[in-house]
Amino acid sequence: MVNVIGVRFKRAGKIYFFDPKDFDVAKGDNVIVETIRGVEFGKVVTGKEQIEENDLVSPLKPVIRKADDDDKAKHLNNREKAQAALVTCQEKIAAHGLKMKLIDAEYTFDNNKVIFYFTADGRVDFRELVKDLASVFRTRIELRQIGVRDEAKMLNGIGQCGRRLCCANWLSEFIPVSIKMAKDQNLSLNPTKISGICGRLMCCLRYEYDTYKSLRKQMPRVGDTVKTPDGEALVFGINILKESVRVKLIVNKDKEGELELGEDFLEFHNRVVIRANRTRYNFTKKMVEKSGTVQLQDQDDSVFENLTEDEGFISE
């Protein structure tokens, strides 16, 4: 077990572990630490704690000292210099005619390096630009190409929910998000409704996914036959949050496997619904509306996993 503190260098940035040594540091304190980029100014976001050495991703670097007033003043001065450097770099990019969008700039605490963040559609040959910038700033220059999600995190903004972006305010790391998460939560698959301002799937699709996934496992699927208090029925839709099942009662079932269904839709809580068997019924909305019967087919579960509104009923 080793003693560590968690330090963050940017708002909503990733938390890095450092060795506090004998310094009396607590959550909220500013510290000067040694990183792979050099000496940096950071804020302690988790106090002293003990963790297993195996949990450390890289060798633990030490805290150099607690930040004093001079360190804080230097940090603020570096931020002001970075804004000025941003303007200068933008002018140089225009002069070189490069197709790149400059996003942000920052100085390392010891001023040994200036880092410029940019986005571009493809690879950019910025070797001449780096030479030009080095002659202006008289220090090491690093140009780092980032993605659109990182751009949104740096610039911040307002999401579709009306709140500030999660990634820029509290989400320290991007989490994998897939279109399957939207499908399983029965959300609209319209890209404009499930995409953030970065153009990628919204991070919040992940927040409730585990709950939906857990509840869905306990419920029948569209096309299942179930036993209800009113008799055997065919599932047309499910409401995961209400844990309810929307069905039509089976009025008659002939020897050829055709079902005659009642006209009314009924809704039952999942607690009172029992799956009759593993047989599924392949049907379409048009077929049911036209004839009121469906054909019996014994199919694998995967057939029903990708139902769309045109092919069959889905959760409401």
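Criteria and cut-off values
Residues numbered from 1 in each chain as written. Predicted model: local features only at pLDDT ≥ 70, side-chain atom pairs only at ≥ 80, totals over all residues. Heavy atoms only, no water. Helix = DSSP H or I, 4+ residues; strand = E, 2+ residues; numbered from the N terminus. Contact = heavy atoms within 4.5 Å. Areas by Shrake-Rupley, 256 points an atom, 1.4 Å probe, with all protein chains shown as cover. Phe/Tyr/Trp six-rings, centres within 6.5 Å; stacked < 30°, edge-to-face > 60°. Buried < 20%, exposed > 50% of the residue type's maximum accessible area, 1.4 Å probe, protein only. Pairing = 2+ DSSP bridges. Axes fitted to C-alpha atoms, helices over the stretch in contact; angles between N-to-C directions. Parallel < 35°, antiparallel > 145°, perpendicular 65-115°, else oblique. Left-handed = near helix turned anticlockwise from the far one by under 90°. Nonpolar A, V, L, I, M, F, W, Y, C, P; charged D, E, K, R; others polar.

1. Digging into the overall build of the protein chain
Logical step 1: Helix and strand content of the protein chain: eight helices and 15 strands.
Logical step 2: Within the protein chain, residue pairs in contact and separated by at least 24 positions form 59% of the contacts whose partners lie at least 6 positions apart.
Logical step 3: Total accessible area computed for the protein chain in this model is approximately 19100 Å², and 48% of it derives from carbon and sulfur atoms.

2. Concerning the packing of aromatic side chains
Logical step 1: Counting across every chain of the model gives seven aromatic pairs.
Logical step 2: Summarising the aromatic geometry, the rings of Phe116 and Phe137 are spaced 6.0 Å apart at their centres and angled 45° between planes, so their arrangement reads as tilted. Taken together, the positions of Phe116 in strand β7 (residues 113–119) and Phe137 in helix α2 (residues 127–137) put the pair 21 residues apart, joining distant regions of the chain. In this structure, Phe116 and Phe137 share a single accessibility class: buried.

3. So, the pairing of strand β6 (residues 101–107)
Logical step 1: Here β6 lies mainly inside the structure; five of its seven residues are buried.
Logical step 2: As paired elements, β6 and β7 share six bridges and run antiparallel to each other. Residue pairing for β7: Ala105 is matched across the bridge by Phe116.
Logical step 3: Linking β6 back to β7 in an antiparallel pair, the connection comprises five residues, with Asn111 at a positive phi of about 65°.

4. What to know about the sheet that holds β6
Logical step 1: Taking strand neighbours across the sheet as the criterion, the three strands line up as β6-β7-β8 in an open arrangement whose pairing is mixed. Single-partner strands in this sheet number two, and they are β6 and β8 (140–145). Pairs of neighbouring strands in the sheet enclose a mean axial angle of 20°, with direction left out of account.
Logical step 2: Set on the sheet, α2 makes contact with β6, β7 and β8; between it and β8 the angle comes to about 140°.
Logical step 3: Contacting β6 and β7, helix α3 (residues 148–155) runs over the sheet at an angle of about 60° to β6.

5. So, the packing of helix α1 (residues 69–96) against α2
Logical step 1: Remark: α1 packs on α2, axes separated minimally by 10 Å, with the N-to-C direction vectors making an angle of 140°. When the interaxial angle is binned, α1 and α2 end up oblique. In this structure, α1 crosses over α2, and the sense of that crossing is right-handed. Along the contact surface, α1 presents Ala85, Thr88, Cys89, Lys92, Ile93 and His96, while α2 presents Glu128, Leu129, Asp132, Leu133, Val136 and Phe137.
Logical step 2: Of the residues in the contact of α1 with α2, the class split is seven nonpolar, two polar and three charged.

As far as function goes, none of this settles anything; it's purely spatial.
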